[in-house]
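Notes for the structure review
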Amino acid sequence: MAKKGILLINLGSPRSTAVEDVKEYLDEFLMDEKVIDYRWIFRALLVQGIILKTRPAKSAEAYKTVWTDEGSPLIVITKKVQQKLQKRVNVPVEIGMRYAEPSIETGIRNLVEIGVSEIVLFPLYPQYAMSTTETVIEKAEEVRKKHFPDVKINYIQPFYHRELYTDCLAESIREKLPLNFDALLFSYHGVPERHIYKTDPTRTCNLNDCCSKETNPSHPFCYRHQCFNTTETVIKKLGLPKDKVIVSFQSRLGKDKWIEPYTDHTLETIPAKGIRNLAIVCPAFVSDCLETLEEISVEGKEQFIEAGGETFTYIPCLNDEDRWIKVIQTLCEEKLDQFYLV
């Protein structure tokens, strides 16, 4: 039988907080046409001609606020997940990052060098988006065809709707919710509205009422629907009334229209509506990173308090919680078993 292995894929991180390392990382990240989907020449003018002139220094300062003695929080957490998962499964486990090192190519090569020829590749994103799941799969296929044509890859699909995941997320939130809170804010990473239309092969999405429909052909490809579906499922498990739950989208870039409502605007306006004690969770991420630890837990808190808020409780990502490792194990073993059915 062919030897099997697991490759966990996360977003990635700069090698250090040095401005040049951050610039190198942002260049690779933002020049991905699945992230900024302009024609190459316009993307290069924007990224290399404008953004990389000023943003790396600012981002480097932000990374310094979350960097640990071991390095980038996202990389450190992903390695802990790898180590815990390795103790639960009887096949080798490697990690790779969509951007920077260890790269997807490095992860696949590490497995191939020990004889693996069938890989379960797990993009660690609960919801599907062009700039997350899609770019990971596209990059992995490019690497496979170029360097490892004899390797077979089984991809784990978005799992936002899987009960084992929503149970895990709900239990994690329940344990960390403060006793007294006025609202629970689900803040998801944002994407430009045009990405929603681009990823919809059915052409049935209108970014309006279709997200709330029980069924719609676009749902398997619609990031916005999947975020709202995650929220609705989890709050039912938590037994929370809808009037105590808010959904918003963070991390927008540029002047294009992104999916709404925006998290920063939400944080600045809800205190005036009587929401003074807020809990916030970021379910688009499974590992804490710059976008959760700095953008939300630091900047978001400042915005909320300055607007009149009183208490702000950031609920960490699933990170390396044992219950989350069990979910990863189950999803990976399902795909490992499928190799036998081919």
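Residues numbered from 1 in each chain as written. Predicted model: local features only at pLDDT ≥ 70, side-chain atom pairs only at ≥ 80, totals over all residues. Heavy atoms only, no water.

Attention shifts here to the overall build of the chain. Of regular secondary structure, the chain possesses 12 helices and eight strands. In terms of overall size, the chain behaves like a compact globule, its C-alpha atoms giving a radius of gyration of 20 Å where 342 residues would be expected to give roughly 20 Å. By residue count, 55% of the 342 residues in the chain fall in the buried class. In the chain, the proportion of contacts linking residues at least 24 apart, taken out of those at least 6 apart, comes to 75%. Carbon and sulfur atoms make up 49% of the accessible area of the chain, which amounts to about 15,800 Å² in all. (Helix = DSSP H or I, 4+ residues; strand = E, 2+ residues; numbered from the N terminus. Rg over C-alpha atoms; globule rule 2.2 N^0.38 Å. Buried < 20%, exposed > 50% of the residue type's maximum accessible area, 1.4 Å probe, protein only. Contact = heavy atoms within 4.5 Å. Areas by Shrake-Rupley, 256 points an atom, 1.4 Å probe, with all protein chains shown as cover.)

Ile6, Leu8, Ile173, Leu184, Phe186, Tyr223 and Trp324 are the most contacted members of the largest nonpolar core, which has 111 residues in total. For this core, the leading source of residues is helix α2 (residues 40–66), giving eight residues. Filtering out sequence-adjacent residues up to four positions away, phenylalanine 186 remains in contact with Ile173, Thr231, Val234, Ile235, Val245, Ile246, Val247, Ser248, Val281 and Pro283. (Core = buried A, V, L, I, M, F, W, Y, C linked by side-chain atoms within 4.5 Å.)

So, on to the sheet that holds strand β5 (residues 183–189). Sheet strands pair by backbone hydrogen bonding; their relative direction is either parallel or antiparallel. Taken in spatial order, the four strands of this open sheet run β6-β5-β7-β8, and their pairing is parallel. Each end of this open sheet is capped by a strand with a single partner; those strands are β6 (245–250) and β8 (311–315). Neighbour to neighbour, the strand axes of the sheet diverge by 25° on average, direction disregarded. The pairing of strand β7 (residues 277–281) with β8 spans five bridges and is classified as parallel. Along β8, the bridge assignment pairs alanine 279 with threonine 313. Across the face of the sheet, helix α6 (residues 163–176) comes into contact with β5, β7 and β8 while running at roughly 145° to β8. Here helix α8 (residues 223–238) sits on the sheet and contacts β5 and β6; the angle it forms with β5, its principal contact strand, is near 150°. (Pairing = 2+ DSSP bridges. Axes fitted to C-alpha atoms, helices over the stretch in contact; angles between N-to-C directions.)

Another point: the packing of helix α4 (residues 104–112) against helix α5 (residues 130–147). It is at 10 Å that the axes of α4 and α5 come closest, and there the two elements cross at 50°. Between α4 and α5, the crossing angle belongs to the class labelled oblique. Helix-helix and strand crossings are classified by hand; for α4 and α5 the assignment is right-handed. Only Val136, Lys139, Ala140, Val143 and His147 of α5 make contact with α4, whose side of the interface consists of Ile104, Glu105, Ile108 and Arg109. Grouping the constituent residues of the contact of α4 with α5 by class yields five nonpolar, one polar and three charged. (Parallel < 35°, antiparallel > 145°, perpendicular 65-115°, else oblique. Left-handed = near helix turned anticlockwise from the far one by under 90°. Nonpolar A, V, L, I, M, F, W, Y, C, P; charged D, E, K, R; others polar.)

On to the environment of arginine 15, then. Topologically, arginine 15 is positioned in the loop between β1 (3–12) and α1 (19–30). The contacts of arginine 15, once residues within four sequence positions are left out, are Asp21, Glu24 and Trp67. Within polar-contact distance, the side chain of arginine 15 engages the side chain of glutamate 24 at 2.5 Å. (Polar contact = N/O pair within 3.5 Å; in protein donor to acceptor, adjacent residues only side chain to side chain.)

Bringing the pairing of β6 into the picture now. Summarising burial for β6: six of the six residues are buried, a large majority. Of the two faces of β6, both are covered, the one formed by Val245, Val247 and Phe249 as well as the one formed by Ile246, Ser248 and Gln250. Bridge count between β5 and β6: six bridges; the pairing is parallel. Each residue of the ladder has a partner; that of tyrosine 188, found in β6, is phenylalanine 249.

Estimated volume of the second largest pocket: approximately 320 Å³. Mapped by element, the contributors of at least two residues to the lining of the second largest pocket are α8 and β6. Among the residues making up the lining of the second largest pocket, the classes are represented as six nonpolar, five polar and five charged. (1 Å grid on protein atoms, 1.4 Å probe; cavity = no way out; pocket = protein on both sides within 12 Å on 5 of 7 lines; lining within 4 Å. Points joined across faces, edges and corners; volume = space filled by probe spheres on them.)

So, about the packing of aromatic side chains. This structure, assessed with the given rule, holds 11 aromatic pairs. An angle of 65° between the planes, with centres 5.1 Å apart, marks the rings of phenylalanine 29 and tyrosine 99 as edge-to-face. You can see phenylalanine 29 sitting in helix α1 and its partner tyrosine 99 sitting in strand β2 (residues 93–99), a full 70 residues away along the chain. Under the relative-accessibility criterion, phenylalanine 29 is labelled buried at 18%. When the ring of tyrosine 165 is compared with that of tryptophan 324, the centres are 6.4 Å apart and the planes differ by 65°; the resulting orientation is edge-to-face. Residue tyrosine 165 is found in helix α6, and its partner tryptophan 324 is found in helix α12 (residues 322–338); the two are separated by 159 residues along the sequence. Grouping residues by exposure puts tyrosine 165 and tryptophan 324 together as buried. Counting every residue linked through ring pairs, the aromatic cluster contains Phe122, Phe159, Tyr165 and Trp324. (Phe/Tyr/Trp six-rings, centres within 6.5 Å; stacked < 30°, edge-to-face > 60°.)

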